[in-house]
Amino acid sequence: MSMPKFLIADNTDFPEDIFVIHTEYPRFILNMSTDELEWLDDVDLGEEDDIPAEIMQLLEEADSFYDREMERYENFDAE
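Position numbers for residues count from 1 along each chain, tracking the sequence in the order it is written. This being a predicted model, a pLDDT of at least 70 is required before a residue's local features are given, and a value of 80 or more before pairs of side-chain atoms are given or counted; all residues contribute to the totals for chains, interfaces and linings. As a convention, hydrogens and water are excluded, and side-chain values are obtained from all of the structure's heavy atoms.

> Residue-level account of the nonpolar core, with values.
In this text, buried Ala, Val, Leu, Ile, Met, Phe, Trp, Tyr and Cys residues form a nonpolar core when linked through side-chain atoms within 4.5 Å. Accessible area is worked out with a 1.4 Å probe on protein chains only. A residue is then buried under 20% of its type maximum, exposed over 50%, and partly exposed in between. Counting residues in each nonpolar core, the largest one holds 10 residues, listed as Phe6, Val20, Phe28, Leu30, Met32, Leu58, Ala62, Phe65, Tyr66 and Met70. In this description a helix means any DSSP run of H or I spanning at least four residues, a strand means any run of E spanning at least two, and both kinds are numbered starting from the N terminus. At the level of elements, β3 (28-31) and α1 (51-78) are the ones that each hand at least two residues to this core. If you tally residues by element for this core, the top one is α1, at five residues. Other than its neighbours up to four places away in sequence, Tyr66 contacts Ile8, Ile18, Val20 and Met32. The contact criterion used is simple: two residues touch if any of their non-hydrogen atoms lie within 4.5 Å.

> Help me get a handle on the sheet that holds strand β2 (residues 19-22), residues and values and all.
At least two bridges found by DSSP between two strands is the condition for calling them paired. In spatial order, the strands read β1-β2-β3-β4; together these four strands make up an open sheet with antiparallel pairing. At either margin of the open sheet sits one strand with a lone partner, and together these are β1 (6-9) and β4 (37-39). Strand-to-strand twist of the sheet, defined as the mean angle between neighbouring strand axes without regard to direction, takes the value 20 degrees. Strand direction decides the pairing type here: β2 and β3, joined by four bridges, are antiparallel. Note that in β3 the partner of Val20 across the bridge is Leu30. Simply put, an axis is a line fit to the C-alpha atoms, just over the touching stretch for a helix, and the angle between two N-to-C directions goes from 0 to 180 degrees.

Here it is as structure tokens:
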């Protein structure tokens, strides 16, 4: 099965929160309402010098994905 790199999720137990899930290594869930980050994989930030920059890039991509998806939802509702 082909899976997208990012997914949007919500849960009725957390009605104010929207989550972005990164499905590739290193997998994580980012709460867009609180900016809390939960790692699903063990990530050793000391493995390589590039990992912090890599993680920052992934978080920026997650944020861009979220913004794009919210804009698409707004445009869909406007139609």
